[in-house]
Amino acid sequence: MDFLTNLVEVVNNYLWNYVLLFLLVGTGVYFSVRLRFIQVRKLGAGLKHTFGGLTLHGEKADHEGMSSFQALATAVAAQVGTGNIAGAATAIVSGGPGAIFWMWVSAFFGMATNYTEAVLAQKYRSTDEKGKVVGGPVYYIKAAFPNGFGKFLAGFFSVAIILALGFMGNMVQSNSISDAMFTAFGVPKAVVGILVALVAGFIFLGGVQRIVSVTEKLVPVMALLYIVGSLAVLVCNWRNLPGVFVNIFTAAFNPSAVLGGAAGITVQKAMRFGVARGLFANEAGMGSTPHAHALAKVEKPQDQGITAMIGVFLTTFVILTLTALVILSTGAAASGLTGAALSQYAFATVFGKAGNVFIALCMLFFAFSTIVGWYLFGQMNVKVLLGERAVKPYALLVVMFIAVGACLKVQLVWDAADLFNGLMVLPNLLALLALSKLVVNLERACRADEETTGKPAASACGE
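Model, not experiment: these values are computed from the prediction. (Residues numbered from 1 in each chain as written. Predicted model: local features only at pLDDT ≥ 70, side-chain atom pairs only at ≥ 80, totals over all residues. Heavy atoms only, no water.)

Student: Before we move on, could you go through the overall build of the protein and cite the residues and values that matter?
Tutor: A tally of regular secondary structure across the protein gives 20 helices and 2 strands. For a compact globule of 463 residues, the expected C-alpha radius of gyration is about 23 Å, and the protein comes in at 21 Å, within 12% of that figure. In terms of overall dimensions, the protein has C-alpha extents of about 55 × 50 × 45 Å along its principal axes. Counting over 463 residues, the protein shows a buried share of 56%. A fraction of 83% describes how many contacts in the protein between residues 6 or more apart in sequence connect residues 24 or more apart. (Helix = DSSP H or I, 4+ residues; strand = E, 2+ residues; numbered from the N terminus. Rg over C-alpha atoms; globule rule 2.2 N^0.38 Å. Buried < 20%, exposed > 50% of the residue type's maximum accessible area, 1.4 Å probe, protein only. Contact = heavy atoms within 4.5 Å.)

Right under this line is the structure:
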């Protein structure tokens with residue numbers, strides 16, 4: 001067990017800190033340039049398209065898919081996990097305040113990657129034997145490589161995402177929930193695990209309709225709760241904010257000017273941990289969120305593309321940034337803690353013991369929403385590999401993994417989840433790059449429509 005744990009850790013360090021870091025950021029830069037920085041040009045249109053008709057009781061999802069906002073809510077449910085509370089803390093401890101700057105950079109370029117994923121998911125979505133809409137990376141991977149190699153890549157992706165998210169990833173999330181509940185309320189981890197598993201099982205068995213109904217209500221509420229709590233801390237420490245921003249930008253290029261040489265943090269470390277944690281939190285390029293965006297009922301693939309960008313914007317530039325500012329403005333980074341414990345300590349400087357309770361509740365909402373989203377993404381790939389008959393056994397297995405994961409923290413499971421998360425990125429990025437000309441042509445067609453119709457850029461091909 002120790003040998004396997006060490007081996008997986010070594011592979012993870014190389015995969016995430018070098019190979020994927022450059023591949024993911026490089027892909028984001030490539031699509032940003034090819035799409036003429038669509039994340040800037042269409043940000044306003046994306047926000048309007050996403051929140052213009054916001055409601056907590058939207059139209060019912062059916063065999064034809066779901067609304068654009070419901071698709072985004074399901075995607076964000078998976079994106080906003082424990083990493084948005086613990087990820088910023090880990091980045092700051094390992095890479096210093098400058099890591100936050102590089103986190104922003106990776107998210108900026110990641111918005112273009114996420115746009116591409118959503119457009120392709122829409123373009124190559126299909127219907128199953130029951131007439132239900134299906135889609136995701138498996139479909140555009142096969143389209144990119146219409147041969148035996150494509151089938152192999154698609155199968156590899158499906159296996160990796162089922163293991164990474166459906167099983168091991170959901171064990172990690174349930175363990176985070178049980179840890180937070182035990183620390184804040186003293187509730188036994190086994191009890192938490194059973195309760196979370198039962199509620200999750202009830203939602204799973206309700207199919208896409210019930211999952212969507214939960215995510216479209218849970219995501220706005222949990223995001224608002226966390227934003228309000230974070231802003232309360234920042235208001236109490238508003239005098240420190242100018243210095244925090246100065247430190248972030250200074251430490252991004254000259255860490256020793258902020259931390260001193262003894263800290264041992266270099267520009268390379270700030271960049272490495274900022275980019276890695278940012279990409280892990282917003283999942284741009286990982287191939288997870290396209291499953292939700294494929295189900296959206298929109299007029300054109302580009303409509304869902306600009307909506308998908310907002311998911312990265314919310315998870316990184318809002319949620320993750322608020323966590324970082326809370327930690328830095330309260331001085332909690334000097335506490336010697338890391339991860340979720342550091343975030344709890346930061347909130348406790350203002351709320352006292354209630355800070356632990358607040359983070360515990362946020363961890364519950366964030367991690368549970370991720371469990372629901374990840375289950376759905378895994379389920380869609382189970383159908384591709386094994387058919388409809390395998391869905392209920394898969395749901396039962398996931399429920400069991402959730403219950404067990406709450407009680408056990410096996411390092412190998414955590415590291416293996418990271419490993420398979422990384423492995424599923426590779427076939428996804430290959431397909432994105434292979435189909436890049438198609439995405440660029442679709443976007444050019446949009447711009448041509450704008451010029452022909454005379455509509456302003458913010459209202460054509462995205463509204």
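That covers the picture; the talk isn't over yet.
Student: I'd like a rundown of the packing of helix α1 (residues 2-34) against helix α19 (residues 411-434), residues and numbers included.
Tutor: Two elements in contact, α1 and α19, have axes whose closest approach is 9 Å; the angle formed by their N-to-C orientations is 30°. What the angle tells us is that α1 and α19 run roughly parallel. By crossing handedness, the relation of α1 to α19 is classed as left-handed. Residues of the contact of α1 with α19, tallied by class, amount to 19 nonpolar, 6 polar and 3 charged. (Axes fitted to C-alpha atoms, helices over the stretch in contact; angles between N-to-C directions. Parallel < 35°, antiparallel > 145°, perpendicular 65-115°, else oblique. Left-handed = near helix turned anticlockwise from the far one by under 90°. Nonpolar A, V, L, I, M, F, W, Y, C, P; charged D, E, K, R; others polar.)

Student: Explain the layout of surface pockets to me, using residue names and the numbers behind them.
Tutor: Roughly 1,300 Å³ of volume is contained in the largest pocket. Along the wall of the largest pocket there are 48 residues; nearest its centre are Ala86, Thr90, Arg277, Trp414 and Asp418. Listing elements by their share of the lining of the largest pocket, those giving two or more residues are α1, α4 (68-79), α5 (83-95), α8 (148-185), α13 (267-282), α16 (339-351), α17 (353-386) and α19. No other element matches α8, which puts 9 residues into the lining of the largest pocket. For the lining of the largest pocket, the class distribution of residues is 18 nonpolar, 22 polar and 8 charged. (1 Å grid on protein atoms, 1.4 Å probe; cavity = no way out; pocket = protein on both sides within 12 Å on 5 of 7 lines; lining within 4 Å. Points joined across faces, edges and corners; volume = space filled by probe spheres on them.)

Student: Explain helix α18 (residues 391-407) to me, using residue names and the numbers behind them.
Tutor: Taking 1.5 Å per residue, 17 residues should reach 24 Å; α18 reaches 25 Å between its end C-alpha atoms and fits that length. Listed as buried for α18 are Val391, Tyr394, Ala395, Val398, Val399, Ile402, Gly405 and Ala406. The buried residues of α18 occupy one face: seen down the axis, they fall within an arc of 140°. Across α18 from its buried face, at more than 90 degrees, point the exposed residues Lys392 and Leu396. Close packing links the buried residues of α18 with α8, α9 (189-205) and α17. (Expected span 1.5 Å × (residues − 1). Arc of directions from axis to C-beta.)

Student: Which residues make up unusual backbone geometry, and what values go with them?
Tutor: Peptide bonds are mostly trans, and most non-glycine residues show a negative phi. The phi dihedral of Phe37 is positive, around 50°, even though this residue is not glycine. Phe37 gets classed as partly exposed once you look at its relative accessible area, which sits at 33%.

Student: Please give an account of the packing of aromatic side chains that cites residues and values.
Tutor: Under the criterion given, the structure shown has 22 aromatic pairs. Three or more aromatic residues joined by ring pairs form one cluster here, namely Phe101, Trp102, Trp104, Phe249 and Phe253. (Phe/Tyr/Trp six-rings, centres within 6.5 Å; stacked < 30°, edge-to-face > 60°.)

Student: Give a detailed account of α4, specifying residues and quantitative values.
Tutor: Two residues of an α-helix separated by three or four positions point the same way, owing to the 3.6 residues in each turn. Helix length check: α4, at 12 residues, gives a terminal C-alpha distance of 16 Å against a target of 16 Å (1.5 Å per residue), a fit within 8%. Of all 12 residues in α4, 12 are buried, a share of seventy percent or more. Where α4 is concerned, the buried positions are Ser68, Phe69, Gln70, Ala71, Leu72, Ala73, Thr74, Ala75, Val76, Ala77, Ala78 and Gln79.

Student: Tell me about the packing of α5 against helix α6 (residues 98-123), and name the residues and values.
Tutor: The N-to-C vectors of α5 and α6 enclose an angle of 125°; their axes lie 8 Å apart at closest approach. Looking at the two axes, α5 sits oblique to α6. Across the interface between the two elements, Ala88, Ala91, Ile92 and Gly95 from α5 touch Gly98, Ala99, Ile100 and Met103 from α6. Residue classes in the contact of α5 with α6 are distributed as 6 nonpolar, 2 polar and no charged.

Student: Quick one: what's the story with the environment of Gly44, residue by residue and with numbers?
Tutor: Position of Gly44 relative to the elements: it lies in helix α3 (residues 43-51). Placed 266 residues apart in sequence, Gly44 and Ile310 show a C-alpha to C-alpha distance of 9.7 Å.

Student: Could you give an account of the side chain of Glu117, naming the residues involved and the relevant values?
Tutor: Topologically, Glu117 is positioned in helix α6. For the buried residue Glu117, which engages in no salt bridge, the nearest side chain bearing the opposite charge is Arg125, 17 Å off. Of note is the side chain of Glu117, whose polar atom sits 3.0 Å from the backbone nitrogen of Gly287. (Lys, Arg positive; Asp, Glu negative; His and termini not counted. Salt bridge = Lys/Arg side-chain N within 4 Å of Asp/Glu carboxyl O. Polar contact = N/O pair within 3.5 Å; in protein donor to acceptor, adjacent residues only side chain to side chain.)

Student: Before we move on, could you go through the pattern of salt bridges and cite the residues and values that matter?
Tutor: Scanning the entire structure with this criterion turns up 4 salt bridges. Among the salt bridges present, the one from Glu299 reaches Lys300, with a minimum N-O distance of 3.8 Å. The exposed category is assigned to Glu299, whose relative accessible area is 68%. Among the salt bridges present, the one from Glu388 reaches Lys383, with a minimum N-O distance of 3.5 Å.

Student: Could you give me a rundown of the nonpolar core, with the residues and numbers involved?
Tutor: Judged by nonpolar contacts, the single largest core of 130 residues is most densely connected at Phe204 and Tyr226. No other element matches the 16 residues that α17 contributes to this core. Ranked by size, the runner-up nonpolar core spans 6 residues in total, among them Met168, Val172, Val413 and Ala417. (Core = buried A, V, L, I, M, F, W, Y, C linked by side-chain atoms within 4.5 Å.)

Student: Would you mind going over the side chain of Gln379 in detail, with residue names and values included?
Tutor: Position of Gln379 among the secondary structure elements: in helix α17. The residues contacting Gln379, other than those within four sequence positions of it, are Val391 and Tyr394.

Student: Provide a residue-level description of the environment of Arg447, including the pertinent values.
Tutor: Along the polypeptide, Arg447 turns up in helix α20 (residues 436-453). The spacing of Arg447 and Ile306 is 141 residues in sequence and 14 Å in space, taken between C-alpha atoms. Setting aside residues no more than four positions away along its own chain, Arg447 makes contact with Arg36 and Arg41.

Keep in mind that these numbers describe shape and distance, not what the molecule does.
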